Structures are given as structure tokens and as C-alpha cells.
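The primary structure of each chain is shown beneath.
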Amino acid sequence: MTTAVFPGSFDPVTWGHVDIATRARAMFSRVIVAVAHNTAKTPMLDVGARVELARRAVSPLEGVDVMPVDGLLVDFCREVGAGVIVKGLRGGTDYDYERPMALMNRSMTGIETVFITGDNALSHVASSFVRDIARHGGSISRYVPDGVVDAVSAAVAAEERERV
Ligand code: PNS
């Protein structure tokens, strides 16, 4: 029985993430979607909202849980007894971004990263695009699970209030 950790910012969760969680669950007996902090990014949604939306998105998937991560991913993996990290790849740019993290995580604790190719029909879907479309008044409903549209709309409205 192998537990896999699928980490990311999930800011916000998209159908692309759900696709990877679904594929990961077909390979591993338990999958933990780990909502982590990327120090290179300032999130649009706070961690509580990101966890809540991800929980709702994967709720139909038996054996897939969502947890926040505060600290190093490799320490979290050790705490939950995960034997592998899972990441989704949409293309070569993702691989170039993910490869050094996979090497660093392996160098720190020996944990391996398994890359899963996502559904090609979702290869253009990215949280960064979703945030940008929403900030410019476009519709994001095709790209995100239930609940995300309202949460992102509220976050965009809050950003606008802060600007004035
Ligand atoms: O969705 P993202 O922002 O590309 O995910 C990156 C993330 C959150 C997985 C990465 O920044 C991370 O693992 N953060 C936790 C802290 C950590 O372990 N940093 C060292 C990474 S080598």
C-alpha cells in the first residue's frame, strides 16, 4: 500500500488538478493532495480557501484526501508515510520547472517523484491563467470545479477594493 502526495499551490484548484489526482489514485492506494506554500508566489486565495475548494473538488474520489502543508514537502511526506511524490506534466515547460524540485526532494530524503501526463484536453488549463482571466472579467467556469468561481470572484472583488 503506497501513499502518494500530490503537492501544489492549488490557487485555485482546476479540472487539470482533479485529472492528475484521479490518475494518481488509479496508481496508488492513497493520494494526499497537499496544499503547500510556494515562497516564489503570493497566493490569490488563502490556504484555508485553497484546501476547502480542493476538498470539494476531489470529494467524489475515494482514497483522495486534502491537507495543508506548512513547511518542507519532504518532512510532510515523512509525517504521513508517503513513499512517492506525484506531479502532473502538461508539457516540457512543466518538466523543466519540476525536474530540479524532484532532484532536490530526492537529494534531501531519497523520495522519488512520479510524473503523470495529464489529459491533453486540459493541457492549456493553469491556475495562473484562471486567475488572470478572472481578474480581467472573463469566465473561468469551464476550467474549475464547483465553488471555485464564487471564491475567485470574491477574491478579485477584494483585490479591487484594496486598490481604491
Ligand atoms: O503549484 P506550485 O506552486 O508549482 O507548487 C510548488 C510547491 C508548492 C509544490 C513547492 O513550492 C513546494 O514543495 N513547497 C513546499 C516547501 C518545500 O518543500 N520547498 C522545497 C522544494 S524543492
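Presented here is a report on the structure given in the accompanying data block.

**Some remarks on unusual backbone geometry**
Point 1. For the bond running from D11 to P12, omega is 5°, close enough to zero to count as cis.
Point 2. Mapped onto the elements of the fold, P12 is located in the loop between β1 (3-8) and α1 (15-27).

**Structural notes on the sheet that holds strand β4 (residues 82-89)**
Pairing between the strands of a sheet is mediated by backbone hydrogen bonds and can be parallel or antiparallel.
Point 1. Sheet architecture is open: five strands sit in the order β3-β2-β1-β4-β5, paired in parallel fashion. Edge positions in the open sheet fall to β3 (64-68) and β5 (112-117), since each of these has one partner strand only. Ignoring which end each strand starts from, the neighbouring axes of this sheet average 30° apart.
Point 2. By the bridge criterion, six bridges tie β4 to β5 in an arrangement that is parallel. Residue pairing for β5: V86 is matched across the bridge by V114.
Point 3. Sheet strands in contact with helix α2 (residues 47-58) are β2 (30-35) and β3, and its direction is about 180° off that of β3.
Point 4. Each of β4 and β5 is contacted by helix α4 (residues 92-109), which is oriented at about 170° to β4, the strand it contacts most.

**Quick look at helix α5 (residues 127-135)**
Point 1. Those residues of α5 not exposed but buried are S127, V130, R131 and A134. The buried side chains of α5 occupy one side of the element, clustering within an arc of 95° when seen end-on.
Point 2. At the exit of α5 stands G137, carrying a positive phi of roughly 85°.

**A word on the pairing of β1**
Point 1. The buried fraction of β1 amounts to five of the six residues, a majority that puts the element mostly inside the structure.
Point 2. For the segment spanning β1, α1 and β2, crossover handedness is right-handed.
Point 3. Of the pairings in the sheet, the one linking β1 to β4 comprises three bridges and is parallel in character. Bridge pairing links T3 to A82 in β4.

Definitions and limits used
- Numbers given for residues are sequential positions, taken from 1 along each chain in its written order.
- In keeping with the model being predicted, local features are shown solely for residues with a pLDDT of at least 70 and side-chain atom pairs are shown and tallied solely at 80 or more, while totals for entire chains, interfaces and linings include all residues.
- Note that the side-chain values use all heavy atoms of the structure and ignore hydrogens as well as water.
- The helix and strand labels rest on DSSP assignments: H or I over at least four residues marks a helix, E over at least two residues marks a strand, and numbering proceeds from the N terminus.
- Any two strands between which DSSP finds at least two bridges are classified as paired.
- Geometry is summarised by axes, namely lines fitted to C-alpha atoms with helices restricted to the contacting stretch, and by angles between N-to-C directions that run from 0 to 180 degrees.
- Note on contacts: a residue pair is in contact if any heavy atoms of the two residues lie within 4.5 Å.
- Accessible area is worked out with a 1.4 Å probe on protein chains only. A residue is then buried under 20% of its type maximum, exposed over 50%, and partly exposed in between.
- As used here, the arc is the angular range of directions from the helix axis to the C-beta atoms.
- Orient the strands so they point away from the viewer; a crossover is then right-handed if the path from the first strand over the helix to the second runs clockwise.

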